[in-house]
2 protein chains.
Amino acid sequence: MPDRQLAKTLANGLNLLILLSRQEGDASLDELTKLAGQSKTACFRLLATLKEMNFVEQDAQSKRYRLGAQNISIGASALNSLSLRHVAMPFMEKLRALSDETVNMSVLEGTDIVFVARLEASHIINTRHRIGERLPAHCTCQGKAIMAFSPPEKLERLLGQINLRAVTEHTLATPQAIKKELALIRRRGIALNAQELEKGLCAVAAPILDYSGYAVASLNIAFPLLRHSQQEAIEDFAPAVAKACQEISRLLGCTRPAPFEPQG
Amino acid sequence: MPDRQLAKTLANGLNLLILLSRQEGDASLDELTKLAGQSKTACFRLLATLKEMNFVEQDAQSKRYRLGAQNISIGASALNSLSLRHVAMPFMEKLRALSDETVNMSVLEGTDIVFVARLEASHIINTRHRIGERLPAHCTCQGKAIMAFSPPEKLERLLGQINLRAVTEHTLATPQAIKKELALIRRRGIALNAQELEKGLCAVAAPILDYSGYAVASLNIAFPLLRHSQQEAIEDFAPAVAKACQEISRLLGCTRPAPFEPQG
DNA sequence: ATCACTTGTTCCGATTATCGGAACTGCGTT
DNA sequence: AACGCAGTTCCGATAATCGGAACAAGTGAT
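Before going into details, it helps to say that this report is about the structure given with it. (Residues numbered from 1 in each chain as written. Chains lettered and ligands numbered in written order. Predicted model: local features only at pLDDT ≥ 70, side-chain atom pairs only at ≥ 80, totals over all residues. Heavy atoms only, no water.)

For chain A, the helix and strand inventory stands at nine helices and eight strands. Taking 264 residues into account, the globule formula puts the C-alpha radius of gyration at 18 Å, and chain A, at 20 Å, falls close to it. Residue burial in chain A is summarised as follows: out of 264 residues, 53% are buried. Within chain A, counting contacts between residues at least 6 apart in sequence, those at least 24 apart form 57% of the total. In chain A, the 31 positive side-chain charges and the 27 negative ones have mean positions that sit 5 Å from each other. (Helix = DSSP H or I, 4+ residues; strand = E, 2+ residues; numbered from the N terminus. Rg over C-alpha atoms; globule rule 2.2 N^0.38 Å. Buried < 20%, exposed > 50% of the residue type's maximum accessible area, 1.4 Å probe, protein only. Contact = heavy atoms within 4.5 Å. Lys, Arg positive; Asp, Glu negative; His and termini not counted. Charge placed at Lys NZ, Arg CZ, Asp CG, Glu CD.)

In a pair of packed helices, the angle between the axes and the distance between the axes together describe the arrangement. All names here are of chain B. Interhelical geometry of helix α5 (residues 84-99) versus helix α9 (residues 230-251) gives an angle of 170° and a closest axis separation of 10 Å. Between α5 and α9, the crossing angle belongs to the class labelled roughly antiparallel. Residues Val87, Ala88, Phe91, Leu95, Leu98 and Ser99 of α5 lie in contact with α9, whose contacting residues are Asp236, Phe237, Ala240, Val241, Ala244, Glu247, Ile248 and Leu251. When its residues are assigned to classes, the contact of α5 with α9 shows 11 nonpolar, one polar and two charged. (Axes fitted to C-alpha atoms, helices over the stretch in contact; angles between N-to-C directions. Parallel < 35°, antiparallel > 145°, perpendicular 65-115°, else oblique. Nonpolar A, V, L, I, M, F, W, Y, C, P; charged D, E, K, R; others polar.)

We now examine the packing of helix α3 (residues 40-52) of chain A against helix α1 (residues 8-22) of chain B. Look at α3(A) against α1(B): their axes get within 9 Å of each other, and the N-to-C directions meet at 35°. By crossing handedness, the relation of α3(A) to α1(B) is classed as right-handed. Residues A:Leu46, A:Thr49 and A:Leu50 of α3(A) form the contact with α1(B), whose participating residues are B:Leu10, B:Ala11 and B:Leu14. (Left-handed = near helix turned anticlockwise from the far one by under 90°.)

Listed as interface residues are 50 residues of chain A and, on the opposing side, 50 residues of chain B. Summed over both partners, the interface of chain A with chain B comes to about 4,400 Å²; 68% of that surface belongs to carbon and sulfur atoms. For the pair chain A and chain B, the interface holds zero salt bridges. At the surface where chain A touches chain B, the tally comes to seven residue pairs in polar contact (both at pLDDT 80 or more). Put simply, the parts of the chain that give the side of chain A that touches chain B at least two residues each are α1 (8-22), α3, β2 (65-67), α4 (69-81), β3 (102-109) and β4 (112-119) of chain A. (Buried area = accessible area lost by both parts, 1.4 Å probe. Salt bridge = Lys/Arg side-chain N within 4 Å of Asp/Glu carboxyl O. Polar contact = N/O pair within 3.5 Å; in protein donor to acceptor, adjacent residues only side chain to side chain.)

Neighbouring DNA strand C are 19 residues, the closest being A:Lys8, A:Thr9, A:Phe44, B:Ser39 and B:Thr41. Among the atoms of DNA strand C lying within 4 Å of the protein, the sugar-phosphate backbone contributes 68%. In this structure, a phosphate oxygen belonging to DNA strand C sits 3.3 Å away from a main-chain N or O atom of A:Leu6. Contact between DNA strand C and A:Asp30: a phosphate oxygen at 3.0 Å from a main-chain N or O atom of the residue. Looking at the surface near DNA strand C, the elements that each hand over two or more residues are α1, α2 (29-36) and α3 of chain A together with α1 and α3 (40-52) of chain B. (Near = heavy atom within 4 Å.)

Next up, the structure:
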């Protein structure tokens, strides 16, 4: 996997950090050793280093490892340095006022999306995502919106990496199906999630593009089909989301023209 | 630097990540090279590795580095798995060693505080609170410390809900009195409980703030006036409690500066 | 209570990954 | 056009990493 000259030790250490974050709660040295596929000694040394720098903590009695407070501090810093959030927030507030449904912003990280901002609807029945949470990109309209407006070579690489497990019966299951869907999204400027992630959950998303004309993030409105039909979403929400994203993109220096058939 | 067997490459890479997070916004390779005190080549390789794993991003045109989305995801994971208790425990142990009095941590729930961690003094005469126990927030220094550093709208809501029964003759009895007291606490960074809950019981508390700059919990040292005077508490315990809480807050991503007159 | 077994930790030599200097590239300025 | 500057690549010497073996400390079973 290492094509270029990369710092292998650093990569191994970071990999342990990622494994630990994907783990529920804490993990033992042995568990991490097996997950990472390395020697016990190497893992031990790497974890000792991570511990020294507060990236992991070790329980005094059980000796199990968990994520340290350093990650919280750096994560908060990463959120703050995202100028996107500040630019987008007023638009997200407008969208929520319009829809009274939850508005999310996500970025693409590998084959997953990560939530970076969120304004919740006032309803009790709601989506339960949190900032920092990740989801498979191809199962979400936010992920599809970003992928549809990504550079072709990046997209090809992603399609090769995507784990095509079907989350519901509506999930796109083949690279061909995804490509066809992305072409449609590219024409319309809008991505739809019709129960692909969870039954009864629907959402519309549009991409936020930067000066290069490619997507850096996406905004969506998510809602249960209890309150709105898919048709309502397309007619009422989609144009508003698309317009908000176009304005944000313009603020980021994007000059790419909007697609021709936003109404599809 | 410790002499132990640590993975130096990993440490150097993590150090770059920390430097980047302390930086306002982004940083160039040269800047990071100087800050880290390393060769340009080494930094470049480490940053390339960090980039590969989405811990940093690189702007396509300016080549400058900024924190990547991976940190947001891991930070959120850390927040969930690492309870406040784990972060605060070592600091609480230090406070108890310093004072040989009982150290408590509480969070606010409604108009009450709830004890979530506790280290007891060795003395026989002692406070008898237990983890999970609740007390009216406005009668305790812990509650006042949290309220003083809560969002204004939340505070207003609370003040309307508080049941203003006077527990002792020293208890704050009107919203005006409470507001005045909270303003004082906000300036000093320290909350005092002078027999407001029980005759002869005194305590000093400071707030623990998260990345938003608002309080999520508070720490106190509680003791009977038998062993220390109120003046001793202000001179000896208050600065230690304030310092501990500031350090914990920083670990949680708080950047809010400490108040100006911690000694009041 | 003892023994076997699991998990975490230390030691040490061989190997290999890392480091830093020098050289190359691309870009903006004088 | 030449220069300087920042980022990137190349390459050999060196120093750091790795993994096996041994040790320590618990844990559970006989």
